[in-house]
Amino acid sequence: MTPEEREILFHAAEWATHSKRTIMSKLREVAVTEENYLIIARELDRVHSERLRARSLHVDATLTLLDWIKTLDYFEWRCAYCQEKPFQIMSHYIPLPCGGTTPTNCVPACYSCMKRKEKRNNARVLSYLSQA
Ligand SMILES: [Zn+2]
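Worth saying up front: this structure is predicted, and the values here are computed from it rather than measured. (Residues numbered from 1 in each chain as written. Predicted model: local features only at pLDDT ≥ 70, side-chain atom pairs only at ≥ 80, totals over all residues. Heavy atoms only, no water.)

Trainee: Help me understand the coordination of the zinc ion, please; the structure alone is not making it clear to me.
Mentor: Around a metal, the ideal angle is 109.5 degrees if four donors adopt a tetrahedral arrangement and 90 or 180 degrees if six donors adopt an octahedral arrangement. Within the first shell, the zinc ion binds the protein through Cys79 (SG), Cys82 (SG), Cys110 (SG) and Cys113 (SG), at distances of 2.3 Å. Of note, the zinc ion draws all its donor residues from one chain, in the sequence arrangement C-x2-C-x27-C-x2-C. Of this pair, Cys82 sits in the loop between helix H4 (65-74) and strand E1 (89-92) while Cys110 sits in the loop between strand E2 (106-109) and helix H6 (111-115); the two residues are 28 residues apart in sequence, bridging distant segments of the chain. Looking at Cys82, the relative accessible area reads 25%, which means it is partly exposed. (Donors = N, O, S within 2.8 Å, 3.2 Å for Na, K, Ca; no water. Helix = DSSP H or I, 4+ residues; strand = E, 2+ residues; numbered from the N terminus. Buried < 20%, exposed > 50% of the residue type's maximum accessible area, 1.4 Å probe, protein only.)

Trainee: Got a minute to help me understand the side chain of Thr102 in this structure?
Mentor: Relative to the assigned elements, Thr102 resides in the loop between helix H5 (96-99) and E2. Exposure remark for Thr102: the relative accessible area of 8% places this residue in the buried category.

Trainee: Can you walk me through the nonpolar core in this structure?
Mentor: What tends to happen in soluble globular proteins is that the nonpolar side chains get buried as a cluster. Membership of the largest hydrophobic core comes to 24 residues, with the highest contact counts inside it found for Leu27, Ile40, Leu65, Trp68, Ile69 and Trp77. Residue assignment for this core shows that the elements contributing at least two residues are helix H1 (3-18), helix H2 (24-30), helix H3 (34-56) and H4. Excluding residues that lie within four positions of it along the chain, Ile40 makes contacts with Leu9, Ala12, Ala13, Leu27, Leu65 and Ile69. Residues Ala109, Cys113, Val125 and Leu129 belong to the second largest nonpolar core, which totals twelve residues. (Core = buried A, V, L, I, M, F, W, Y, C linked by side-chain atoms within 4.5 Å. Contact = heavy atoms within 4.5 Å.)

Trainee: When you look at the state of the cysteines in this model, what are you seeing that I'm missing?
Mentor: The term disulfide refers to a covalent linkage connecting the sulfur atoms of a pair of cysteines. Applying the stated criterion across every chain yields a total of zero disulfides. Cysteine Cys106 is unpaired, with the sulfur of Cys98 as its nearest cysteine sulfur at 13 Å. (Disulfide = S-S within 2.5 Å.)

Trainee: Explain the packing of H3 against H4 here, please?
Mentor: For any two helices packed against each other, one specifies the crossing angle of their axes together with the interaxial distance. It is at 10 Å that the axes of H3 and H4 come closest, and there the two elements cross at 115°. Of the possible angle classes, the one that applies to H3 and H4 is roughly perpendicular. At the point where H3 passes H4, the crossing takes the right-handed sense. Between H3, through Ile40, Glu43, Leu44, Arg46 and Val47, and H4, the contact on the second element is made entirely by Leu65, Trp68, Ile69 and Leu72. Residue classes in the contact of H3 with H4 are distributed as seven nonpolar, no polar and two charged. (Axes fitted to C-alpha atoms, helices over the stretch in contact; angles between N-to-C directions. Parallel < 35°, antiparallel > 145°, perpendicular 65-115°, else oblique. Left-handed = near helix turned anticlockwise from the far one by under 90°. Nonpolar A, V, L, I, M, F, W, Y, C, P; charged D, E, K, R; others polar.)

See below:
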């Protein structure tokens with residue numbers, strides 16, 4: 001990802017986070033390229049559905065698209081646990097029914113780390129979440 005693309009993604013995420021209604025045609029414009037638009041639309045969907053899951057369990061649902069893009073950027077769009085594979089899913093560090101979908105509980109992960117329950121005691125993840 002080039003610095004320009006990174007900046008556009010942040011700008012689009014900020015726009016989508018602060019607009020009352022996210023109009024997809026406007027989002028496409030803000031995202032500049034089709035590739036950025038697809039990334040932002042996919043992550044917007046992911047954040048929405050994870051917040052809905054949290055709400056249905058009556059736990060905190062405060063993660064914004066901008067928070068999530070910042071987290072992805074921090075971990076360079078890779079799994080936060082192994083820091084090698086590209087990320088595939090949003091991991092709730094503390095299980096969702098207890099921790100909610102919040103900036104201090106969500107990190108990117110790959111399927112194999114999730115399967116191996118690789119997530120405990122990862123110093124880098126813990127230090128990131130404690131500052132988020
Ligand atoms: Zn992994």
